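# Examining the three-dimensional arrangement
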Amino acid sequence: MKKELVEHIKEKLKEVINQKRYIHTLGVVDAAVYLAEKYGADLHEAEIAALLHDYAKDFTEEQLKGYIKKHGLEVDEVLMEAYQLLHGKVAAHIARVEFNIHNENILKAVENHTTGAANMGKLERIIYLADFIEVGRNYQGVDELRLLAEENLDRAVLQAFNNTIHYVLSIGKLLHPNTIHGRNELLQQVKDLRGDLWQK
Ligand SMILES: [Fe+2]
Ligand SMILES: [Fe+2]
C-alpha cells in the first residue's frame, strides 16, 4: 500500500513537473529520509512529504491563483504578491484531495516548505531543510549547511532561514512574515539551549 502510493505519486509527478524538478524532488526525498532517520521522524511520512513538496512548483501564476480561488484557500497578501510561494499551499491541498492524504505532519510540511513557520514540527523542519541541502543543490553556503545538518537540526534550520532572508533581501522581493517568525522562534530556542549548556 505504501509502495503503491509512492509509485502513484511518482507517476503523477512526472506529468506536472519538469525533469530537472523531478530530479530535485528525488534528491529531497533522499535528504529527508536521511534526516528523518537521523533525528527520529517517520521515514514514510518524510518520503511522501518530500515527493509532494514541489508538486505545484511548475504551475503558472494563473494556475496557482486559479487553484486558490477555485478551492477557496485562505492566503494573505504577501503570498498573492510573491505568488511562487503559493506552490506549497496548493500542493498540500492536492495531497489531500487527489492523493487522499490526511496526515497533518505531511500536509503541514508540504504547505510550509516555501516560507517556513513558527513552531514547526519535526517533519516540517526536516522537509524545509532537506529542500536546501539535497545533493543537487549548489550555492554559496550549502556545504556549511550540510555540515550543520549533521550536527543539529534546529541550528541547521535556523541557518537555512538566515540564508533565505539574506537571499530574499538581495533580490529585493517580499519577505513572508512566517519566515521571520520561524527564524525568531528558532533563534530563541537555540539561545535558550546554549544558556542551559552554560549553566551546567
Ligand atoms: Fe518548493
Ligand atoms: Fe523544492
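In the block above lies the structure referred to throughout.
For the structure given in this document, a descriptive report is provided here. (Residues numbered from 1 in each chain as written. Chains lettered and ligands numbered in written order. Predicted model: local features only at pLDDT ≥ 70, side-chain atom pairs only at ≥ 80, totals over all residues. Heavy atoms only, no water.)

## Details of the coordination of the iron ion (ligand 2)
At this site the iron ion (ligand 2) is bound by His 24 (NE2), His 53 (NE2), Asp 54 (OD) and Asp 131 (OD), with donor distances of 2.2 to 2.3 Å. Here the iron ion (ligand 2) is ringed by four donor atoms whose angles at the metal span 82 to 176°, and the overall shape comes out irregular. Mapping the donors of the iron ion (ligand 2) onto the primary sequence yields the spacing H-x28-H-D-x76-D. Distance-wise, the iron ion (ligand 1) is placed 3.6 Å from the iron ion (ligand 2), both being coordinated by Asp 54. Residue Asp 54 is located in the loop between α3 (43-52) and α4 (61-70), and its partner Asp 131 is located in helix α8 (residues 122-133); the two are separated by 77 residues in the primary sequence. Of the residues examined, Asp 54 reaches a relative accessible area of 3% and is grouped as buried. The class of Asp 131 is buried, set by a relative accessible area of 8%. (Donors = N, O, S within 2.8 Å, 3.2 Å for Na, K, Ca; no water. Tetrahedral: all angles 85-135°; square planar, octahedral: opposite > 155°, others 65-115°. Helix = DSSP H or I, 4+ residues; strand = E, 2+ residues; numbered from the N terminus. Buried < 20%, exposed > 50% of the residue type's maximum accessible area, 1.4 Å probe, protein only.)

## Notes on the coordination of the iron ion (ligand 1)
Coordination sphere of the iron ion (ligand 1), protein contribution only: Asp 54 (OD), His 87 (NE2) and His 113 (NE2), at 2.0 to 2.2 Å. Motif for the iron ion (ligand 1), donor spacing along one chain: D-x32-H-x25-H.

By themselves these figures say nothing about function.
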